[in-house]
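Residue-level structure breakdown
Chain residues, written in single-letter form:
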Amino acid sequence: MENYFWNTEENYKEKKLYILVIYDIVNNRRRVAFAKKMNGYGFRVQKSAFEAMISDGMYRKLIDEIPTLIDKSEDSVRVYKIRGTGEVNLFGLNQKIENEEVIII
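Numbering of residues starts from 1 in each chain and follows the order in which that chain's sequence is written. Reporting of local features is limited, given that this is a predicted model, to residues whose pLDDT is at least 70; pairs of side-chain atoms are given and counted only at 80 or more, and all residues count toward the totals for whole chains, interfaces and linings. Remark: hydrogens and water are excluded; side-chain values derive from all non-hydrogen atoms of the structure.

Another point: the overall build of the protein chain. Helix numbering and strand numbering both begin at the N terminus, where a helix is a DSSP run of H or I of at least 4 residues and a strand a DSSP run of E of at least 2. Looking only at helices and strands, the protein chain has two helices and six strands in total. Starting at the N terminus, the α and β elements of the protein chain follow one another as β-β-α-β-β-α-β-β. Throughout, exposure labels follow a simple rule: accessible area from a 1.4 Å probe, protein chains only, divided by the maximum for the residue type, with under 20% read as buried, over 50% as exposed, and the rest as partly exposed. The 105 residues of the protein chain split such that 37% are buried. Throughout, a contact is declared for two residues whenever any of their heavy atoms are within 4.5 Å. Contacts spanning at least 24 positions in sequence make up 77% of the contacts within the protein chain whose residues lie at least 6 apart. Here the protein chain has roughly 7,200 Å² of accessible surface; of this, 49% comes from carbon and sulfur atoms. In this description, accessible areas are obtained by the Shrake-Rupley approach with a 1.4 Å probe, and a residue is regarded as covered only by the protein chains that are shown.

Here it is in structure tokens:
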């Protein structure tokens, strides 16, 4: 078992939010486009899950973009905004996640 910790209350230049995005997108083209967009915000932790430590402004931008990337009658996206400190326990085949700044291109 491996684990890593995060703390949204650390002293960053600006306050950060830890988010978890999980999705079920039916259409392959939309799913690939959604995953590419999410790569600009954070890192893939499972096939349909991304984690990110982002600013409040980036969070609002992401929330505004998601409806334009999905079909609301077929797809499902959940964005969890997690505050404070936390711990993630990894079991099985996992990549170790480093806390790094993400820049959207």
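For strand 4 (residues 49-55), the buried fraction is high: seven of the seven residues fall into the buried class. For two strands to count as paired, DSSP must find a minimum of two bridges between them. As judged from the three bridges shared by strand 3 (residues 43-46) and strand 4, these two strands associate in the antiparallel manner. Bridged to R44 within strand 4 is F50. Turn length for the strand 3-strand 4 hairpin, with the two strands adjacent in sequence and antiparallel, is two residues.

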